[in-house]
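Here is how the chains run, residue by residue.
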Amino acid sequence: MTEYDYLIVGSGLFGATFAYEAAKRGKRVKVIEKRDHIAGNIYTKEQDGIQVHQYGAHIFHTSDKDIWDYVQQFAEFNRYTNSPVANYKGELYNLPFNMNTFNKLWGVVTPAEAKAKIDEQKAAANLSAGEPKNLEEQAISLIGTDIYTKLIKGYTEKQWGQKATDLPAFIIRRLPVRYTFDNNYFNDTYQGIPIGGYTQIVEKMLANELIDVETGVDFFDHKDEYLLDYPRVVFTGMIDQFFDYQLGELQYRSLHFETEEMDVDNYQGNAVINYTDAETPYTRVIEHKHFEFGKGDKNKTIVTREYPATWHRGDEPYYPVNNKTNNDLYTQYRDLAKNQPKVLFGGRLGMYRYYDMHQVIHAALTAVNQEFNK
Ligand code: FDA
């Protein structure tokens, strides 16, 4: 038997929050992490004085004051506001769809003119009667043909690796449309980027002397021993892998990141630019220094191109594909998990759910409450 009360598998935001809270309650915690660094997908690393988001752009946003206050314990946040720009074959448009976008597209000046234009396009689209049959019909029924063609179609098809006419309508339930000149992507009350990057948050969470961390250790190399030795295991890896894929594989979308250091101060003038045409193979280009208002080396910048990819076993599983088939399969895995009373499954992979950072902290704090108020 071990001296630890908990084994936490995965040092992402879920595992780190749980570890921090358990140690605060006097529990001894061992964290194992298969990557060679902590912090999971929120990991940032400094290069040329610039915090590089190693696993894609991460912007913290929430309307939950408790979560916002909670995360402030571990970092000071700047006032970054996410205002991505779309590049469609060299034409630039503000996102989310708002009066700036509509003015650039059609020259309309008032909200009434913009609404009339969208309504006119919806009516002219000749959509089939009843419920939209696929993503294309759904998007056009919400926003009309021009925005669909230039700003949604190519991007979405690249993201999912499928034609919009083969994708289910439910992927786009609502579209953020604003009839104001407001380029702020999120509607949340609080938003920002931790000054000095995200990794410090997890470092501080894991700094308690009751917590030991080992990186480069894969749970599956010693699964049986771990389950025997530790009184309680918090597992934030893939739930289907935990059960050796015995009911079949859950589907994910993967990503491939290509990062380049350039000898210029400012490459694209914005942190996030989406490439919305079908031909450009990447979906987004991130220029990291703009998350911190140009901080870092004045003669250098770091950009990352994000390429969507099909997931195969062994690849990084970035996004769960939450269609009915996968959700049903996940429910079956969750039933199997009930026969593992020692193990708490958490986080985006353990619960097979897309979680934003504030949601994963909330989920971890809920799990902590249930764990310690039993
Ligand atoms: P996470 O994946 O971070 O951590 C799990 C850890 O477990 C990993 O470090 C993994 O290596 C480890 N692990 C897995 N299996 C293991 C094993 N067998 N043994 C040992 N270790 C194992 N959110 C947001 O709020 N704003 C944003 O802008 C974005 N942007 C964004 C971009 C992209 C491209 C993605 C994919 C995601 C986002 N997110 C986001 C979501 C955010 O990344 C997410 O909420 C958290 O990282 C989830 O934390 P978890 O701890 O659940 O998983």
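Residues numbered from 1 in each chain as written. Predicted model: local features only at pLDDT ≥ 70, side-chain atom pairs only at ≥ 80, totals over all residues.

Annotation from UniProt places "domain: UDP-galactopyranose mutase C-terminal" (unreviewed entry) at residues 150-354. Span residues 150-354 is 23% helix and 22% strand, its end C-alpha atoms 26 Å apart. (UniProt positions renumbered as here; feature names shortened; annotations may be inferred. Helix = DSSP H or I, 4+ residues; strand = E, 2+ residues; numbered from the N terminus.)

The subject of this paragraph is the site of the ligand. The local shell around the ligand holds 35 residues, among which Gly10, Gly12, Gly40, Gly56 and Gly347 are the closest. Listing elements by their share of the shell around the ligand, those giving two or more residues are helix H1 (13-24), strand S2 (29-33), helix H11 (347-350) and helix H12 (357-372). For the shell around the ligand, a count of residues per class yields 17 nonpolar, 12 polar and 6 charged. (Near = placed C-beta within 6 Å. Nonpolar A, V, L, I, M, F, W, Y, C, P; charged D, E, K, R; others polar.)

Looking now at unusual backbone geometry. That bond from Leu95 to Pro96 is cis: its omega, -10°, falls within 30 degrees of zero. Following the sequence through the fold, Pro96 ends up in the loop between strand S7 (91-94) and helix H3 (99-106). You will see that Asp48, though not glycine, has its phi angle at about 55°, which is positive. With respect to the element layout, Asp48 can be found in the loop between strand S3 (44-47) and strand S4 (50-53). Here Asp48 falls in the partly exposed class, since 15 other C-beta atoms lie within 10 Å of it. Its identity is not glycine, yet Phe293 carries a phi of approximately 55°, on the positive side. Tracing the backbone shows Phe293 in the loop between strand S13 (284-287) and strand S14 (301-310). You can call Phe293 exposed: it has 12 C-beta atoms within 10 Å. (Buried ≥ 20, exposed ≤ 12 C-beta atoms within 10 Å, placed from the backbone.)

Here the focus is the nonpolar core. Core analysis: the biggest nonpolar cluster contains 67 residues, and Ile8, Phe18, Ala19 and Leu206 have the highest contact counts within it. Counting residues per element, this core draws most heavily on H1, at 8 residues. When near neighbours in sequence (up to four residues on either side) are disregarded, Ala19 contacts Ile8, Val29, Val31, Met205, Leu206 and Ile211. The next biggest cluster of nonpolar side chains, apart from the first, holds 15 residues, and it includes Leu95, Leu135, Leu151 and Leu167. (Core = buried A, V, L, I, M, F, W, Y, C linked by C-beta atoms within 7 Å. Contact = placed C-beta atoms within 7 Å.)

Moving on to the pairing of strand S12 (residues 272-275). Neither face of S12 is exposed, since Val272 and Asn274 on one face and Ile273 and Tyr275 on the opposite face are all buried. Of the pairings in the sheet, the one linking strand S6 (residues 85-88) to S12 comprises 3 bridges and is parallel in character. Note that in S12 the partner of Val85 across the bridge is Ile273. Sheet analysis places S12 next to S13, joined by 3 bridges and oriented antiparallel. Residue Asn274 lies in a different strand from S13, and its bridge partner there is Arg284. (Pairing = 2+ DSSP bridges.)

Next up on the list: the domain arrangement of the protein chain. The domain architecture assigned to the protein chain consists of domain 1 (6-49 + 63-76 + 191-250 + 320-372) and domain 2 (96-171). Once you take the C-alpha centre of each, domain 1 and domain 2 turn out to be 37 Å apart. (Domains from an automatic or database assignment.)

Attention now moves to the packing of helix H5 (residues 135-143) against helix H6 (residues 145-160). Between H5 and H6, the least distance of the axes is 9 Å, while the angle of their chain directions is 145°. Considering the relative orientation of H5 and H6, their crossing is right-handed. Facing H5, whose interface residues are Leu135, Ala139, Ile140 and Ile143, H6 presents Thr145, Ile147, Tyr148, Ile152 and Thr156. Partitioning the contact of H5 with H6 into residue classes produces 7 nonpolar, 2 polar and no charged. (Axes fitted to C-alpha atoms, helices over the stretch in contact; angles between N-to-C directions. Left-handed = near helix turned anticlockwise from the far one by under 90°.)

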